[in-house]
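# Structural overview
Here's the letter readout for the chains.
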Amino acid sequence: MNDTPAAWAWFDEALGVGLQLGLQVESILFREQTDLQDLVIYQTAQWGRVMALDGIMQICERDEFIYHEMLTHVPMFAHGSAREVCVIGGGDGGILREALRHPVDRVTMVEIDGAVVELCKTHLPSISDGAFDDPRTDLVIADGAHFAANTERSFDVIIVDSTDPMGPGEILFTSAFYADCKARLNPGGVMVTQSGVVMIQGDELTTTVRRLGEHFVDAHGYIAAVPTYAGGFMGMGWATDDTSLRQHSAETLTARFSAANIATRYYNPNLHLGAFALPTYIAERVEAGK
């Protein structure tokens, strides 16, 4: 966001390839340079509250449900009986919120920057919606890669809700990190990752699939359309050793969804299946990683 008076009405994010996202801003609610990153929370005119880290859009109240539902419910319903879930990153609490809607025993959330959690609880409470107070929540303030490499615990589902592969988030895209996550998964477990907007960051999805494929039998990708992650479809990496998890019928997913009695605004069983039906340009990016 430029500091000149004429530009203060807008948050502008340069997305690359000659594309820019602009959101009209009513006020800046909070700004702080934490030990790890520059964090800003804006009140926008049409999109609710928005958080940016180092000038890059992270979360927006108006459309956050799309990203959080798809990164959470796809692996959870594909697994079908997850009791132990690990969220790496996700300091805003949106993935935590969605995971706790399932009959889990515990969701362990590992966030590197405790300041992000506290600020989101204060300024973006609708995102977590009380999830941090749920007794099934185990909040760990630590480096996610270090946690995956050293914990003795195991999980049914691991969800990596990271920033882009730069700065503190870069290590969460490495082959070594994926190997450590594989070692933490129970048999039949599944791992998913945030993998960028494919039209703009296509190499990110290709590299993710390639590195996941070094450790998992089934490495693939799926998509969701999130308006404020501008530039087309958001890519999400998928990895498991159980090839059946990506092959469920609509009937199976519908039965699981109905039994869970979860009200969603974006996710549904048919969309779950359709998310793996990739446009050709994205399928090519996935295949390039295999």
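It should be emphasised that the depicted structure is a prediction, and the values quoted were computed from it without experimental measurement.

## Here's the deal with the pairing of strand E10 (residues 185-197)
- Among the 13 residues of E10, ten are classified as buried, and the element is accordingly described as predominantly covered.
- Here six bridges tie E10 to strand E12 (residues 233-240), and the two strands are oriented antiparallel to one another. By the bridge assignment, Val 197 is partnered in E12 with Met 234.

## Let's talk about the sheet that holds strand E6 (residues 84-89)
- Pairing in this open sheet of seven strands is mixed, and the strands run E8-E7-E6-E9-E10-E12-E11 from one edge to the other. Each edge of the open sheet carries a strand with a single partner, namely strand E8 (137-141) and strand E11 (218-225). Averaged over all pairs of adjacent strands, the angle between strand axes in this sheet comes to 20 degrees, irrespective of strand direction.

## Brief notes about the packing of aromatic side chains
- Evaluated as defined, the whole model comprises nine aromatic pairs.
- Note on Phe 77 and Phe 257: the rings are 5.6 Å apart at their centroids and 80 degrees apart in plane angle, and the pair reads as edge-to-face. Placement of Phe 77 in helix H1 (residues 64-79) and of Phe 257 in helix H8 (residues 250-260) is noted, with a sequence separation of 180 residues between them.
- Overall, Phe 77 belongs to the buried group, its relative accessible area being 4%.
- With a centroid separation of 5.3 Å and an interplanar angle of 85 degrees, the aromatic rings of Trp 238 and Phe 276 are classed as edge-to-face. One end of the pair, Trp 238, is in strand E12; the other, Phe 276, is in the loop between helix H9 (269-274) and helix H10 (280-287), with 38 residues separating them in the sequence.
- Classification of Trp 238 by relative accessible area gives buried; the value is 0%.
- The structure contains a cluster of three or more aromatic residues connected by ring pairs, namely Phe 77, Phe 257 and Tyr 267.
- Note that Lys 182 overlies the ring of Phe 216, its terminal NZ or CZ placed 5.3 Å from the centroid.
- Between Arg 265 and the ring centre of Phe 65, over which it is positioned, the NZ or CZ distance is 3.9 Å.

## Here's the deal with the pattern of salt bridges
- Taken as a whole and assessed by the stated rule, the structure comprises 14 salt bridges.
- Between Arg 106 and Glu 84 there is a salt bridge whose closest N-O contact spans 3.1 Å. Note that Arg 106 is positioned in strand E7 (residues 106-111) and Glu 84 in strand E6, a separation of 22 residues in sequence.
- Since its relative accessible area comes to 29%, Arg 106 is described here as partly exposed.
- For the salt bridge of Arg 136 with Asp 134, the shortest nitrogen-to-oxygen distance reads 3.0 Å.
- A single salt-bridge network, built from bridges that share partners, covers Glu 64, Arg 97, Glu 98 and Arg 101.

Thresholds, definitions, all that
- Residues numbered from 1 in each chain as written.
- Predicted model: local features only at pLDDT ≥ 70, side-chain atom pairs only at ≥ 80, totals over all residues.
- Heavy atoms only, no water.
- Buried < 20%, exposed > 50% of the residue type's maximum accessible area, 1.4 Å probe, protein only.
- Helix = DSSP H or I, 4+ residues; strand = E, 2+ residues; numbered from the N terminus.
- Pairing = 2+ DSSP bridges.
- Axes fitted to C-alpha atoms, helices over the stretch in contact; angles between N-to-C directions.
- Phe/Tyr/Trp six-rings, centres within 6.5 Å; stacked < 30°, edge-to-face > 60°.
- Lys NZ or Arg CZ within 6 Å of the ring centre and 35° of its normal.
- Salt bridge = Lys/Arg side-chain N within 4 Å of Asp/Glu carboxyl O.

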